[in-house]
Amino acid sequence: MNKVYLFKYGLTMLFLTFVITAFAQKSAFIGKVVDELNGPLPGATIRIKGANTSTVTDNDGLFSLQQTGAKSLTVTITFVGYVTAERVINANQPLTIKLIPNSKSLADVVVIGYGSVRKTDLTGAVTNLGAKDLNPGPITNPLQQLTGKAAGVSVTQTGSEPGTAPSVRIRGITSLIGGNDPLVVVDGVQGNMDLLKQVPPSEIESVDVLKDASATAIYGSRGAPGVIIITTKKNKNGTSTVEYNENSSLDVISKRLPTLNADQWWQQAQIYGVPASANHGSNTDWYNLLTRNGVTQNHTLSFGGGANGFNYRASISAILQNGIVIKSNYKNYIGRIQATQKALDDKLTLTMNLNNGIDNANYSPPSIGRAAFTSNLFSNIYVTRPTDPVYNTDGTYYTDPNVFQYINPYAVAQTVVNNVKNNNLFGSLRADIELTKGLTAGWFGSWRKVDGNTGYYLPAESTVASAIDNQGIANISNYHQDERLMDISLNYKKDFGIHHLDAIAVYEWQGQTYNGNFAQAKGFINDIATYNALQLGDLSKVTPGDMSSYKNDRKLVSYLGRVNYSYQNKYLLTASYRRDGSSVFGVNNKWGNFPSASVAWRLTEESFLKDQHVFSNLKLRGGWGITGNQQGLAPQNSLQLVGYAGVTYFGGQQITNFVISQNANPDLKWETRKQTNIGLDFTTLNDRLNGSIDAYTATTDNLLFNYTVPQPPYPYPSIAANVGSLLNRGLELTLSYQLIKTKNTSLILAGNGSLLKNKVLNLSGSIGGVPLNTDFVGWGSNSFLIKGKPIGTFYILKHAGKDAANAETVVDQNKDGVIDQGNQSADRVYEGQATPKYTYAFTPSFSYKNFDASMVWRGSGGNKIYHQIRSQLSYFENLGKANVLQSAVPMGLYTSQYGSDLWLESGSFLRWENLSFGYRFNTANIKYISSLRVSLTGTNLLVITKYSGIDPELNVSGGNGSGGDYGIYPRTRTFSFGLNVVLK
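Quick summary incoming for the structure in this document. (Residues numbered from 1 in each chain as written. Predicted model: local features only at pLDDT ≥ 70, side-chain atom pairs only at ≥ 80, totals over all residues. Heavy atoms only, no water.)

1. Quick notes on the overall build of the protein
Tallying secondary structure elements over the protein gives nine helices and 53 strands in all. For 984 residues, the compact-globule formula gives about 30 Å, and the C-alpha radius of gyration of the protein, at 33 Å, lands near that figure. In terms of principal-axis extent, the alpha carbons of the protein reach across some 135 × 65 × 65 Å. Per-residue burial for the protein yields a buried fraction of 54% across its 984 residues. For the protein, long-range pairs separated by at least 24 residues make up 69% of all intrachain contacts whose partners lie at least 6 apart in sequence. With the model as given, the accessible surface of the protein reaches about 42700 Å², and the carbon-plus-sulfur share is 57%. In the protein, which carries 84 positive and 69 negative side-chain charges, the distance between the mean positions of the two groups comes to 9 Å. (Helix = DSSP H or I, 4+ residues; strand = E, 2+ residues; numbered from the N terminus. Rg over C-alpha atoms; globule rule 2.2 N^0.38 Å. Buried < 20%, exposed > 50% of the residue type's maximum accessible area, 1.4 Å probe, protein only. Contact = heavy atoms within 4.5 Å. Areas by Shrake-Rupley, 256 points an atom, 1.4 Å probe, with all protein chains shown as cover. Lys, Arg positive; Asp, Glu negative; His and termini not counted. Charge placed at Lys NZ, Arg CZ, Asp CG, Glu CD.)

This is how it looks when you write it as C-alpha cells:
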C-alpha cells in the first residue's frame, strides 16, 4: 500500500514539474515601433491578433510580449495619426516596425476652443499643424514656424531686428484702427501676440488656426481677426524623457542699397557744383562700420516622467540673438512646467501649467536723423556722405555744423542706449471631474503678469541735435499688466446609437489691469549712469510731458455654449452662441451677441459612394457666424476725458489748466464681422492626394474709426465711433500629394494659395445726429481710404519726365494748367493697392530611410510699394549735404515738388524661405541615447522680385502707412545647424 501511495505521489509530482516547466518556457517577442523618419513612437499599442493580450511601447519605442510555446505571433500596431499595421513576429528575433502616417488622420484631434474634435468631424475652416509640420531653423518666435504653412494665413517678417516678431493676418484686414492681430490661446491662457514670446518653439505640440466665423464665434467679441491656439508638449503616462534641442545660425545681410562711394560722390558733386568744402577727404564705408554678421542660438532642455496617474514635463529654454547692426541683441529665457494628476478612480483630472519668460533686448534707435530725413539707424547709413570722417582730429565723433541737424550714425550706434526688459509670468490650473458617465464639470483659472521696463539714453556725444541742445536726454518707462481669467463649464458627450452629441456650456470672467509711468530728464554733466539716475539731470529743464502715469482696467463677462452633433457619422452640425458684456463698451451697448452655425456632409459615407474607388474622403462644409473685435477700444474710449493744457497765472499764482481731450460716445461698441464660408475636403488617388477648398465672404460693420467732427457741437475735433464697413472676399486652396510612397522612401508635394479682395464699403454716416461725409482719407504715402476701393489704394500723380532744370514733371490730367495735389485732385490716377491680392506657398518634403529634407517657397503679389527711401535718396539737390543712390545717376533728377508714381513699384515676390536637411542616426547600440538627429537649415535663401528696395516684404498690415518703404532693419539670410538628442 505504501509503495502504491509513493508511486502515485511520485507521478503527481512529476506531472506538476512537467506542467510548471512547460509554462515557464515562454517565448519572448520583442521589437521597436518607429515613425516615418525612424524616430521612436512611445505609446503605440501592440495587440496579439485573436487574443486580449496587448502592451504599449516605452519612451524608446520598444515593446516586449511573452507567449508560452509560440514560435511566431501576428500582432496589430496602432498609433494616433498612423495607419494600423499588422506584422508577424518570430520568437527571440527583434523586429523594427515602421508606421506610415494616415493621410485621412481619422483619429487626429483638433483644438477648436473650449474643447476639441476629431479632424474628420470639423465643420468650420480650421488649419491643424503638428510639430512635424512646422518650419525648422533659427526660430525666435513661434509665428515664424507658420510661414507658408496655412492658406489664408499671412505671416510677414519685416526686417530681422533681434526680438521683433512677425505680423500675422488671418483672411486679410478686418479693421482700420480696431486691430487686426488674432487672439492667441496657449494651453487655455488667452492673450495678445506678445504671449507668443513665452512659448519655446521646440516645445510646441500642435497649432490650430481658426479662420472662419463658425469656428471663431465661440470667442465672441475677440474672435473677428481669427484665433491661433497653441498646445504645448506633455509627457505620456508611464514614460520618462530627457531631451535637448539646439540650433545655432550665422546671419548675414541678404541685400543692401548701393550708394555712391567716395570717388563716385565727388565726381557727381563736381558736376552739380557742390563746393569743395563739402568734401572732407575721407573714404568711409558707413555700411561696414555699422554692420556685422549676426548669430542666433536656440537651446531647450526638457524632461518629464509619470506613473500612477501623475505625469509632468518641464523645460528651460534660451533664445539668444546678436543682430547684424552693432549693439543690437536679444535674449529670452523661458522656463515652464506642466503636470497632470489623476484622482478619484481617474474621475478627477488636475492639470497645472506654470510659465516664466524673461527677455532683454537692445534695439537700435527706431526714429532718428535730420529734419530732412528721419528713419531707423540703419537707413541713415545711406544718407551720410562717404567723404565724411568718423572722428575729429581730437578723437571726438565728427559732425558737420554746416548741415542742419547732422548726425554721425556710428556715434549713434556706439553711444545711444535703448534697452527693453520684460518679465512675463503666467500660470493656470484646470480641474475636470466626471460627474456621471458622459457628463463632466470643469473649472479653469489663469493668471498672467507682465512687468516691463524701457530705458532710453540719448547723450550729447551721439551728435543728435536734440541731445546736444539738451546736454543729453534720458527716460524710463515702466509698465505692468495683470490679466486674470476664470471659467466654469459643463460638458456632455453621449452616443445614442447612430447619434453623437457633444455639448458644452461655459461661464467666463476676465479681468485686466494695466498701469505704468514715464519719467524723463535732460542736462547731464556726464554719461556714466545713462538712464539709471534721472536725478542727475538738470531739473530746470523739466517740461510738460516729462512725467506721466496711468492706470486702467477692463472686465469681460461671457456666457457661451456649443453643440456638436453627428448623425450616422456623416451629417455633422456645430452651433455656438456667446454673449459678452464688457466694461469698455459705451453705456448704451454693454452687451453683444455672437451666434454661429456650420454643417458638414461626409459624402463618402453615403451608400451611393460606397463602391466607388476615386475618393476615400469627401466632405462638404458650410458655415455662418458673427464675431466681434474690441482690440481698438481702450477702457475710457467711450467717456469724455479732460487733460492737461499747460499753466497760467491767476490771482498772483500759477495754476494748472485743463481742456477736454476726448469726446464722449455712449454708443461706442465692438466691430461686428459677419462671415459665410463654404468648403470642400477631399482625399483621392489611393489616399495620396489630400486637399481642401474654401470660399468666404466677410463683412465688417460698425467699423471703428476716428472721425473729424465739427466744433461745436463737439468740444473736441475728433471722435472714435462705429460708422463704416469693410468687405473681404477670398478663395483658399490647400493640396498635398504623396508622389513616392514606399517602405523606405516618401516624397510629398504640398502647397497652398489664397486669393483675397477687400473693399471699403463706407466711411460716411451720422454720429449723434451730425452727418459725416468721409472719403479719400490719407492712409500713407499717396495711398487713401476711398469708398468702393481696396484699403490703401494708391491715388497718385503720374510721372511725365523732367524739364530743362532737371526738375520732375507730372501729367496734368484735366488739362487746366495747374497741378493740384489735394486728396481728391483730378490730376491723380488710381495705381493699385498696398495690400497683396494673392499669396501662395510650395512646401515639399522628402525622406529616405534616416534622411529627410524639406523646403518652403512662398510669395505674394498684386500689390504696390511706394519706395519712400529711394525717393529721398535720388535728388541731386541734396548731394552737398548727403549721399544718393547709384540708381539716381542715370535719372539725373535735381529736384521735385511731387510724390509721383515714379517711386511706385511692384511688391510681388517669390521667396525661397526655407531649406532643411536632417539625418537621424541609428542609436540602437548607444547605451544612453534613444534618438539622435542633426540638421542643416538655410532661410531666406533667395528672393525673386522686381522691387528695387532691400526687401519687398514690408508692412502690409492694413494700418496707416502700410505699403510704404520708409526704411527697415535689413532682412538676414541664415545658415544654421540643429541638434536633437533624446536620452534613455
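2. A few points about the nonpolar core
Ranked by size, the top nonpolar core spans 38 residues in total, and within it Leu290, Phe378, Tyr410, Val412, Leu458 and Val464 carry the most contacts. Elements with a minimum of two residues in this core: α4 (286-290), α5 (380-383), α6 (409-415) and β25 (439-458). Excluding its chain neighbours within four sequence positions, the residues that come into contact with valine 412 are Pro365, Ile368, Leu377, Ile407, Ser462 and Val464. Ranked by size, the runner-up nonpolar core spans 24 residues in total, among them Leu134, Val153, Val184 and Ile204. (Core = buried A, V, L, I, M, F, W, Y, C linked by side-chain atoms within 4.5 Å.)

3. Focus: a nonpolar patch on the surface
On the surface, Ile337, Leu350, Met352, Leu354, Leu425, Leu429, Trp443 and Ile488 cluster together into a nonpolar patch covering about 620 Å² of accessible area. Those elements that place two or more of their residues in the nonpolar patch are β21 (348-362) and β24 (417-436). Examining the composition of the nonpolar patch, we find that three residues originate from one element, β21, more than from any other. Locating isoleucine 337 in the fold gives a position in strand β20 (residues 329-343). The exposure class of isoleucine 337 is partly exposed, given its relative accessible area of 32%. (Patch = residues over 30% accessible without salt bridge, like charges linked within 9 Å, V, L, I, M, F, W, Y side chains within 5 Å. Salt bridge = Lys/Arg side-chain N within 4 Å of Asp/Glu carboxyl O.)

4. Structural notes on the environment of glycine 958
Along the chain, glycine 958 turns up in the loop between β52 (929-945) and β53 (972-983). Each C-alpha atom of the pair glycine 958 and glycine 179 lies 9.5 Å from the other, and the pair is 779 residues apart in sequence. The residues touching glycine 958, leaving out its near neighbours within four places in the chain, are Ile173, Trp779 and Ile791.

5. Some thoughts on the sheet that holds strand β13 (residues 183-186)
Pairing in this open sheet of five strands is mixed, and the strands run β10-β15-β16-β13-β14 from one edge to the other. The sheet terminates laterally at β10 (126-130) and β14 (189-191), the two strands that pair on one side only. Strand after strand, the sheet turns through a mean of 15° between neighbouring axes, direction not considered. Sheet topology note: the β13/strand β16 (residues 227-232) ladder contains four bridges and is parallel. The partner of valine 186 across the bridge, within β16, is isoleucine 230. (Pairing = 2+ DSSP bridges. Axes fitted to C-alpha atoms, helices over the stretch in contact; angles between N-to-C directions.)

6. Examining the packing of aromatic side chains
Going through the model one piece at a time under the given rule, you end up with 28 aromatic pairs. Seen in terms of ring centroids, tyrosine 114 and tyrosine 219 are 5.2 Å apart; in terms of plane orientation they differ by 35°. Their pairing is tilted. Of the two residues, tyrosine 114 sits in the loop between β8 (109-111) and β9 (116-118) while tyrosine 219 sits in the loop between α2 (213-216) and β16, which places them 105 residues apart along the sequence. Taking 5.7 Å as the distance between ring centres and 90° as the angle between the ring planes, the aromatic pair formed by phenylalanine 378 and tyrosine 382 counts as edge-to-face. Residues phenylalanine 378 and tyrosine 382 agree in their burial class; the two are buried. The lysine or arginine in question, arginine 484, covers the ring of tryptophan 447, its NZ or CZ lying 4.8 Å from the ring centre. (Phe/Tyr/Trp six-rings, centres within 6.5 Å; stacked < 30°, edge-to-face > 60°. Lys NZ or Arg CZ within 6 Å of the ring centre and 35° of its normal.)

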